[in-house]
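Okay, here's what each chain looks like letter by letter:
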Amino acid sequence: MEKAVAIRAPAKINLGLTVLRRRPDGYHDLLSVMQQLSLADTLLLEPHREPGWRFFCSEPALSGEDNLVCRAAALLAEKAGQRRPLPGVKISLFKSIPVAAGLGGGSSDAAAALKGLNSFWGLGLSLAELLELGAALGSDVPYCLLGGTALVQGRGEKVASLPALPFHWVVLALPPGLQLSTAQVYAALNPGLFMSPRLEPLIAAVRERSRRALRLWFAGGATNTLEAAVLPQQPPLQALKRLFLELGLHPAMSGSGPSLFALCDSLPQARAAARALEEAGNRAFLCWTISHVHERKE
Ligand code: C5P
């Protein structure tokens, strides 16, 4: 009998994101530096008497078979073929990462399911094989499989590790009730915004592990092509951005939004900012950058 396994599925932020061009298949080529945070969902895999998988999610709206976790399980089972019956597993997903917020929660859940079930079912697939399956599930899944700090290219399927970011406290916030569809944000994107901002200064800052150069990157204000497309349409997000600035922080939007984040050097500063953002009616999280994911076996 397999043992129960709890897997953390961390949120991601885009330290920088540039949309380069629209592709004939409707997707966009990107250049992005991604970073994982301590904020995480948890995926629990428990042995089950009957073969196949059962799925439970702490958020009823996400409990359907179309959840990326179920799609990851189905893809793995298909890849495994009929060589032998797969051990029965109950998959429970406990959500903490806000949904449709630009934090890659669903993609990270899918990556955790691919890794966890690969091991639970003893399939022995390599990271390269998991990356290929991940890309079929969603553009951010390959990055979530790799984790840490990474350079992401293509549609999201080309991922390469970068040196781990120096530890930072991170304040994350989003206006209550605001969810954005990634597909809609991309569809409304004006090609005049493509190729900007240039990520070279960010990539150099990360390679050099320079806190000072990172601070300068965020102080520059323009970190994400999609922010320039989303912000003018979203007054609540403009107000949230102003609040960050009044608190002395330099916010950046993650992915297709609406989450804004700021890196902080000190815990007191981060704690005070998170409290002030929450008191102003936003959802706010105090978290930190992580370099790898821990797995707990029972
Ligand atoms: O790959 P994923 O399903 O997460 O992407 C959601 C939507 O975001 C896609 O349907 C597409 O409209 C858009 N997208 C894009 N270019 C990317 C990633 C996502 O146009 N590189």
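Residues numbered from 1 in each chain as written. Predicted model: local features only at pLDDT ≥ 70, side-chain atom pairs only at ≥ 80, totals over all residues. Heavy atoms only, no water.

**Re the environment of alanine 100**
Reasoning step 1: Here alanine 100 is to be found in the loop between β4 (89–94) and α2 (105–120).
Reasoning step 2: You can call alanine 100 partly exposed: its relative accessible area is 33%.
Reasoning step 3: Linking alanine 100 and glutamine 179, residues 79 residues apart in sequence, is a C-alpha distance of 5.2 Å.
Reasoning step 4: Among all residues touching alanine 100, those that are not within four sequence positions of it are Gln179, Leu180, Gly257 and Pro258. (Helix = DSSP H or I, 4+ residues; strand = E, 2+ residues; numbered from the N terminus. Buried < 20%, exposed > 50% of the residue type's maximum accessible area, 1.4 Å probe, protein only. Contact = heavy atoms within 4.5 Å.)

**Examining the packing of aromatic side chains**
Reasoning step 1: Applying the stated rule across the entire model yields five aromatic pairs.
Reasoning step 2: Ring geometry for tryptophan 53 against tryptophan 121: centres 6.1 Å apart, planes inclined by 50 degrees, an arrangement best described as tilted. In this pair, tryptophan 53 is assigned in strand β3 (residues 53–57) and tryptophan 121 in the loop between α2 and α3 (127–137), connecting sequence segments 68 residues apart.
Reasoning step 3: Relative accessible area serves as the criterion here: at 24%, tryptophan 53 is assigned to the partly exposed category.
Reasoning step 4: For tryptophan 121, a relative accessible area of 2% corresponds to the buried category.
Reasoning step 5: When the ring of phenylalanine 167 is compared with that of tryptophan 169, the centres are 5.1 Å apart and the planes differ by 90 degrees; the resulting orientation is edge-to-face.
Reasoning step 6: In this structure phenylalanine 167 comes out as partly exposed when scored by relative accessible area, which is 40%.
Reasoning step 7: Sitting over the ring of tyrosine 27, arginine 155 keeps its end group 4.4 Å from the ring centre. (Phe/Tyr/Trp six-rings, centres within 6.5 Å; stacked < 30°, edge-to-face > 60°. Lys NZ or Arg CZ within 6 Å of the ring centre and 35° of its normal.)

**Some thoughts on the site of the ligand**
Reasoning step 1: The environment of the ligand is made up of Gly26, Tyr27, His28, Leu30, Gly138, Ser139, Arg155, Thr182, Ala183 and Tyr186.
Reasoning step 2: A distance of 2.6 Å is found between an oxygen atom of the ligand and a side-chain nitrogen or oxygen belonging to serine 139.
Reasoning step 3: In this structure, a nitrogen atom belonging to the ligand sits 3.0 Å away from a main-chain N or O atom of arginine 155.
Reasoning step 4: Burial of the ligand by the protein amounts to 73% of the accessible area it has alone, namely 450 Å².
Reasoning step 5: Listing elements by their share of the shell around the ligand, those giving two or more residues are β2 (28–47) and α5 (182–187).
Reasoning step 6: Residue contributions to the shell around the ligand peak at three residues, all from α5.
Reasoning step 7: Looking at the shell around the ligand residue by residue, the class counts come to four nonpolar, five polar and one charged. (Near = heavy atom within 4 Å. Polar contact = N/O pair within 3.5 Å; in protein donor to acceptor, adjacent residues only side chain to side chain. Areas by Shrake-Rupley, 256 points an atom, 1.4 Å probe, with all protein chains shown as cover. Nonpolar A, V, L, I, M, F, W, Y, C, P; charged D, E, K, R; others polar.)

**Some details on α2**
Given 3.6 residues per turn, any residue in an α-helix points the same way as the ones three and four places further on.
Reasoning step 1: Counted at 1.5 Å a residue, the expected span for α2 with its 16 residues is 22 Å, and the 22 Å between its end C-alpha atoms agrees.
Reasoning step 2: For α2, a buried count of 13 out of 16 residues is recorded, marking the element as mostly surrounded by other parts of the structure.
Reasoning step 3: One or two residues past the end of α2 sits glycine 122, with phi positive at roughly 60 degrees. (Expected span 1.5 Å × (residues − 1).)

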